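# Notes for the structure review
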Amino acid sequence: MSMILTSIIMLLGVAFYIVTERKGLGMVQLRQGPNKVGMKGILQPISDGVKLFTKEVSVPFSASKEMYFLGPFICFLCAYAMWLIFPTTFSVVNFEMGFLFFLCVSSFSVYGVFLVGWVCDSRYAFLGAMRAVAQSISYEVFLSTCLFCPLVLVGSFDLMKMREFSFLVFFIGQELLILWIISILAETNRAPFDFVEGESELVAGYNVEFGGMGFSLLALAEYSNMFFMSMLTAIIFFSSVMGYSVLGDLMMAVIVVMISYFVVWVRGVVPRFRYDLLMKLCWQILLVISLALLMFYSCVLVSV
């Protein structure tokens, strides 16, 4: 029952997070965001959901109908399957290998992205999918290396134990926090690493041929990944401040919202990189630094 309740809350939270981003970008760019539906546009996600899920579904002529719907479903399923490891005081199930489960599901979601771009038989969608796969695989290595640094100190893949012992990461892992934020921005295809969309070159990226229900599933999956990464950041780096209680859960929710809005702020103020600089940044700079930090954390653990 708690899992169903968590899924419903996350669906509603992600829907309103999309509106928050639209209004936040409007504030950054000195313009109005959604402000017509409900009071100050607060009911905009409900109207968007009704509109998208009631639109006629059109499948490209050369695409397989089953495969066409399988891609968004895989992305949506992987995005919300990761919330199974969400550690709270009312959790019934405790994943002892929570971080390993996160890495496996996050890696598998790449297949859904590639399937979405490939099955449409569109050059723009296929190029966007190839960019997404190359970017996700590259930064998955960097993200995993950053994740192993606090895991070396905690000595467990359990998120519950991470909430208890993350004070070590909070005090000595400030440089790791910067690398982790860069990795989650690239892993979730957010600015300044949003080459998957690339409006000037690829129109809308791998989801250019999707509308209605398929587009809504892809949007919910993308923003759910951003929300989950914000939650994971709060657990790894700020759990020592919050503690493990109901009050700690409320404080964690506040920190998750702040990190999520920081991601929106980055999109509004940071320009997009070039794609070759993106790959060079990953393989030649960030991965080297993260490996050096992993060796440092390992030496700290041995010396202690």
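As recorded in an unreviewed UniProt entry, the protein goes by the name NADH-ubiquinone oxidoreductase chain 1, listed as coming from Mercenaria mercenaria. Reading the Catalytic activity (unreviewed entry) entry of the UniProt record for the protein gives the comment "a ubiquinone + NADH + 5 H(+)(in) = a ubiquinol + NAD(+) + 4 H(+)(out)". According to the UniProt record, the Sequence similarities (unreviewed entry) comment for the protein reads "Belongs to the complex I subunit 1 family."

## Some points on the pattern of salt bridges
In the structure shown here, the tally under the stated rule is five salt bridges. Here Glu 21 and Arg 267 are joined by a salt bridge, their closest N and O atoms 2.9 Å apart. Of the two residues, Glu 21 sits in helix H1 (residues 2-28) while Arg 267 sits in helix H11 (residues 246-269), which places them 246 residues apart along the sequence. Assessed through its relative accessible area of 2%, Glu 21 is described here as buried. Accessibility expressed as a relative area gives 30% for Arg 267, which makes it partly exposed. The shortest N-O distance in the salt bridge between Arg 274 and Asp 276 comes to 2.9 Å. Residue Asp 276 is classed as partly exposed on the basis of its relative accessible area, which comes to 43%. Here the salt bridges do not stand alone but share partners, grouping Glu 21, Arg 190 and Arg 267 into one network.

## With respect to the nonpolar core
With 80 residues, the main nonpolar core has Phe 102, Tyr 139, Trp 180 and Ile 236 as its most contacted residues. In terms of residues, this core owes the most to one element, helix H10 (residues 213-242), which gives 14 residues. In contact with Phe 102, other than residues within four places in its own chain, are Met 82, Ile 85, Leu 143, Leu 147, Phe 228, Met 229 and Leu 232.

## A short note on the packing of aromatic side chains
If you walk through the whole model with that rule in mind, you get 16 aromatic pairs. These aromatic residues form a ring-pair network of at least three members: Tyr 17, Trp 83, Phe 86, Phe 102, Tyr 223, Phe 227 and Phe 228. Cation over ring: Arg 131 sits above Tyr 275, and NZ or CZ is 5.4 Å from the ring centre.

## Details of the environment of Leu 25
Inspection of the secondary structure puts Leu 25 in helix H1. Owing to a relative accessible area of 10%, Leu 25 belongs among the buried residues under this scheme. C-alpha separation for the pair Leu 25 and Val 269, spaced 244 residues apart in sequence, amounts to 9.2 Å. Apart from residues no more than four positions distant in its own chain, Leu 25 is found in contact with Arg 31, Val 264, Arg 267 and Gly 268.

## Quick word on the environment of Phe 76
For Phe 76, the position within the fold is in helix H3 (residues 65-81). Classification of Phe 76 as partly exposed rests on a relative accessible area of 21%. Sequence-wise, Phe 76 and Leu 218 are 142 residues apart; in three dimensions their C-alpha atoms are separated by 6.5 Å.

## What to know about the side chain of Gln 135
Within the secondary structure, Gln 135 sits in helix H5 (residues 123-154). Residue Gln 135 is classed as buried on the basis of its relative accessible area of 0%. At 3.4 Å, the side chain of Gln 135 and the side chain of Asn 189 are in polar contact. The contact partners of Gln 135, leaving out residues within four places of it in the chain, are Ala 186, Asn 189, Phe 193, Phe 195, Val 196, Tyr 275, Leu 278 and Met 279.

## Quick word on a nonpolar patch on the surface
A surface patch of nonpolar side chains, amounting to about 870 Å² of accessible area, comprises Ile 4, Ile 8, Leu 12, Phe 16, Met 39, Ile 42, Leu 43, Ile 46 and Val 50. For the nonpolar patch, the secondary-structure elements that each account for two or more residues are H1 and helix H2 (44-53). Broken down by element, the residue count for the nonpolar patch peaks at four residues, all from H1. Structurally, Ile 4 is set in helix H1.

## Focus: H5
Helical geometry: 3.6 residues make up each α-helical turn, so side chains three or four residues apart lie on a common side. In this model H5 runs 46 Å from its N-terminal to its C-terminal C-alpha over 32 residues, within 8% of the 46 Å that 1.5 Å per residue would give. Just beyond H5, the residue with positive phi is Gly 155, at close to 80°.

## A closer look at empty space enclosed by the protein
Applying the stated rule across the entire model yields five cavities of 30 Å³ or more. There is about 320 Å³ of room inside the largest cavity. Ser 109, Val 113, Glu 187, Asn 189 and Asn 225 are, among the 19 residues lining the largest cavity, the residues nearest its centre. Those elements that place two or more of their residues in the lining of the largest cavity are H3, helix H4 (98-119), H5 and H10. Sort the elements by how many residues they give to the lining of the largest cavity and H10 lands first, with five residues. Taken together, the residues of the lining of the largest cavity sort by class into eleven nonpolar, six polar and two charged.

## Looking at the UniProt feature "transmembrane region" (unreviewed entry) in the protein
As annotated by UniProt and renumbered to match this structure, "transmembrane region" (unreviewed entry) occupies residues 67-86, 98-119, 139-160, 167-186, 250-270 and 282-303. Secondary structure across residues 98-119 divides into 100% helix and 0% strand, with the first and last C-alpha atoms of the span separated by 32 Å. What you have in residues 139-160 is 82% helix and 0% strand, and the ends, taken at the C-alpha atoms, are 26 Å apart.

Reading the values: rules and limits
- Residues numbered from 1 in each chain as written.
- Predicted model: local features only at pLDDT ≥ 70, side-chain atom pairs only at ≥ 80, totals over all residues.
- Heavy atoms only, no water.
- UniProt positions renumbered as here; feature names shortened; annotations may be inferred.
- Salt bridge = Lys/Arg side-chain N within 4 Å of Asp/Glu carboxyl O.
- Helix = DSSP H or I, 4+ residues; strand = E, 2+ residues; numbered from the N terminus.
- Buried < 20%, exposed > 50% of the residue type's maximum accessible area, 1.4 Å probe, protein only.
- Core = buried A, V, L, I, M, F, W, Y, C linked by side-chain atoms within 4.5 Å.
- Contact = heavy atoms within 4.5 Å.
- Phe/Tyr/Trp six-rings, centres within 6.5 Å; stacked < 30°, edge-to-face > 60°.
- Lys NZ or Arg CZ within 6 Å of the ring centre and 35° of its normal.
- Polar contact = N/O pair within 3.5 Å; in protein donor to acceptor, adjacent residues only side chain to side chain.
- Patch = residues over 30% accessible without salt bridge, like charges linked within 9 Å, V, L, I, M, F, W, Y side chains within 5 Å.
- Areas by Shrake-Rupley, 256 points an atom, 1.4 Å probe, with all protein chains shown as cover.
- Expected span 1.5 Å × (residues − 1).
- 1 Å grid on protein atoms, 1.4 Å probe; cavity = no way out; pocket = protein on both sides within 12 Å on 5 of 7 lines; lining within 4 Å.
- Points joined across faces, edges and corners; volume = space filled by probe spheres on them.
- Nonpolar A, V, L, I, M, F, W, Y, C, P; charged D, E, K, R; others polar.

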